[in-house]
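Here is what each chain is made of, one letter per residue.
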Amino acid sequence: MSTSPVAEYRETEADLAARARTLKRNLIKIGIAAVVAAWGFVSAGWTGGTLFTLVLVVLTSVVLFMNYLVSLNMPSLVALVDSGGLKLRTRRGTIQDIVWPDVRYIDALDETEQKRHLIFFVSFNKSDGGHECLPLPLQSMPKPISECFVETIEHYRPNLYASWQDQLSQWSSLGRHE
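Calculation rules
- Residues numbered from 1 in each chain as written.
- Predicted model: local features only at pLDDT ≥ 70, side-chain atom pairs only at ≥ 80, totals over all residues.
- Heavy atoms only, no water.
- Pairing = 2+ DSSP bridges.
- Helix = DSSP H or I, 4+ residues; strand = E, 2+ residues; numbered from the N terminus.
- Axes fitted to C-alpha atoms, helices over the stretch in contact; angles between N-to-C directions.
- Core = buried A, V, L, I, M, F, W, Y, C linked by side-chain atoms within 4.5 Å.
- Buried < 20%, exposed > 50% of the residue type's maximum accessible area, 1.4 Å probe, protein only.
- Contact = heavy atoms within 4.5 Å.
- Arc of directions from axis to C-beta.
- Salt bridge = Lys/Arg side-chain N within 4 Å of Asp/Glu carboxyl O.
- Expected span 1.5 Å × (residues − 1).
- Patch = residues over 30% accessible without salt bridge, like charges linked within 9 Å, V, L, I, M, F, W, Y side chains within 5 Å.
- Areas by Shrake-Rupley, 256 points an atom, 1.4 Å probe, with all protein chains shown as cover.
- Phe/Tyr/Trp six-rings, centres within 6.5 Å; stacked < 30°, edge-to-face > 60°.
- Lys NZ or Arg CZ within 6 Å of the ring centre and 35° of its normal.

### Side note on the sheet that holds strand S4 (residues 95-99)
Working step 1: Strand order in this open sheet of four strands is S1-S2-S3-S4, and the pairing throughout is antiparallel. At either end of the open sheet lies a strand with only one pairing partner, and these are strand S1 (7-10) and S4. Taking the axes of each pair of neighbouring strands and ignoring which way they run, one obtains an average angle of 10 degrees across the sheet.
Working step 2: Two elements, strand S2 (residues 77-82) and strand S3 (residues 85-89), share four bridges in a ladder whose sense is antiparallel. Among the inter-strand pairings, Leu80 is bridged to a residue of S3, identified as Lys87.

Following this line, the structure appears as structure tokens:
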């Protein structure tokens, strides 16, 4: 009995902890910058340039803090390929489930250098009628796992190394629409 190939990559607890540490360090750096900017703002007599700097540092701190909060609830699954399609983690920390018929193309080939991209880009139709493109971060995976991903994708998408334009044309010719 033949089984359908599957490739899965999950971050380890150590990976998740390292990401949280990096975000915490960045928050501390921004906090220090905010204090320095506030001190410069007060000591320089409230000039517009230091006000702008202070506002910029505070806004950056808020964004980094939001990223930190998202990372606390980030799923360990980074990517999965199976007979149903792909599951990819988005930058927002959600899992995007993409069925094969919705995959418009996978940009895997650097046409100018005729070699494989380190990051594949998956273009797919969304349920709202639009389309989106998400990265499949092969470069962040251990080499044996990234090779397994490529082989598994090739099993389900034999035209993986065709140009994205050719894949899109073939996808459209199957009666699918953008």
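### Topic: the nonpolar core
Working step 1: Grouped together as the largest cluster of nonpolar side chains are 24 residues, with contacts concentrated most on Leu86, Leu88, Ile106, Phe120, Val122, Leu136 and Phe149.
Working step 2: Mapped by element, the contributors of at least two residues to this core are S1, S2, S3, strand S5 (103-110), strand S6 (115-125), strand S7 (131-136) and helix H3 (143-156).
Working step 3: Other than its neighbours up to four places away in sequence, Val122 contacts Leu86, Leu88, Ile98, Val103, Tyr105, Ile106, Glu132, Cys133 and Leu134.

### As for helix H4 (residues 164-173)
Working step 1: Buried within H4 are the following residues: Gln167, Leu168 and Trp171. For H4, the buried positions fall inside an angular range of 100 degrees around the axis, keeping them on one side.
Working step 2: Of the surrounding secondary structure, the elements contacted by the buried residues of H4 are S5 and S6.

### Concerning the pattern of salt bridges
Working step 1: Across all of its chains, the model carries seven salt bridges by this definition.
Working step 2: The structure contains a network of salt bridges with shared partners spanning Arg116, Lys143 and Glu147.

### Details of H3
Working step 1: End to end, H3 covers 20 Å across 14 residues, agreeing with the expected 20 Å (1.5 Å per residue, within 8%).
Working step 2: On its buried side, H3 packs onto S1, S2, S5, S6 and S7.

### Remarks on the environment of Asn73
Working step 1: Along the polypeptide, Asn73 turns up in the loop between helix H2 (48-72) and S2.
Working step 2: Through-space distance from the C-alpha of Asn73 to that of Leu16 is 10.0 Å; in sequence the pair is 57 residues apart.

### Looking at the pairing of S6
Working step 1: In this structure, S5 lies alongside S6, joined through six bridges in antiparallel fashion. Note on S6: the bridge partner recorded for Ile106 is Val122.
Working step 2: The antiparallel pairing of S5 with S6 creates a hairpin that spans four residues between the two strands, and Gln114 there sits at a positive phi of about 50 degrees.
Working step 3: Two elements, S6 and S7, share six bridges in a ladder whose sense is antiparallel. Note that in S7 the partner of Asn125 across the bridge is His131.
Working step 4: Joining the antiparallel neighbours S6 and S7 is a turn of five residues, in which Gly129 adopts a positive phi near 95 degrees.

### As for the sheet that holds S5
Working step 1: Within the open sheet, the three strands sit side by side as S5-S6-S7. Their pairing is antiparallel. The strands lining the two open edges of the sheet, one partner per strand, are S5 and S7. Strand after strand, the sheet turns through a mean of 20 degrees between neighbouring axes, direction not considered.
Working step 2: Packed onto the sheet, H3 meets S5, S6 and S7 and runs at close to 50 degrees relative to S6.
Working step 3: Each of S5 and S6 touches H4; the most contacted strand, S5, lies at about 160 degrees to it.

### Some words on a nonpolar patch on the surface
Working step 1: Among the surface-exposed residues, Val58, Val62, Phe65, Met66, Leu69 and Leu72 lie close enough to one another that they form a single nonpolar patch of about 520 Å² accessible area.
Working step 2: Considering the arrangement of structural elements, one finds Leu72 in helix H2.
Working step 3: You can call Leu72 partly exposed: its relative accessible area is 49%.

### Focus on the packing of aromatic side chains
Working step 1: Per the counting criterion, the structure on display carries two aromatic pairs.
Working step 2: On the numbers, 5.1 Å between centres and 40 degrees between planes, the contact of Tyr105 with Trp164 is tilted. Remark: Trp164 occurs in helix H4 and Tyr105 occurs in strand S5; sequence separation between them is 59 residues.
Working step 3: Exposure remark for Tyr105: the relative accessible area of 13% places this residue in the buried category.
Working step 4: Over the face of the ring belonging to Trp171 we find Arg104, whose NZ or CZ atom lies 6.0 Å from the ring centre.

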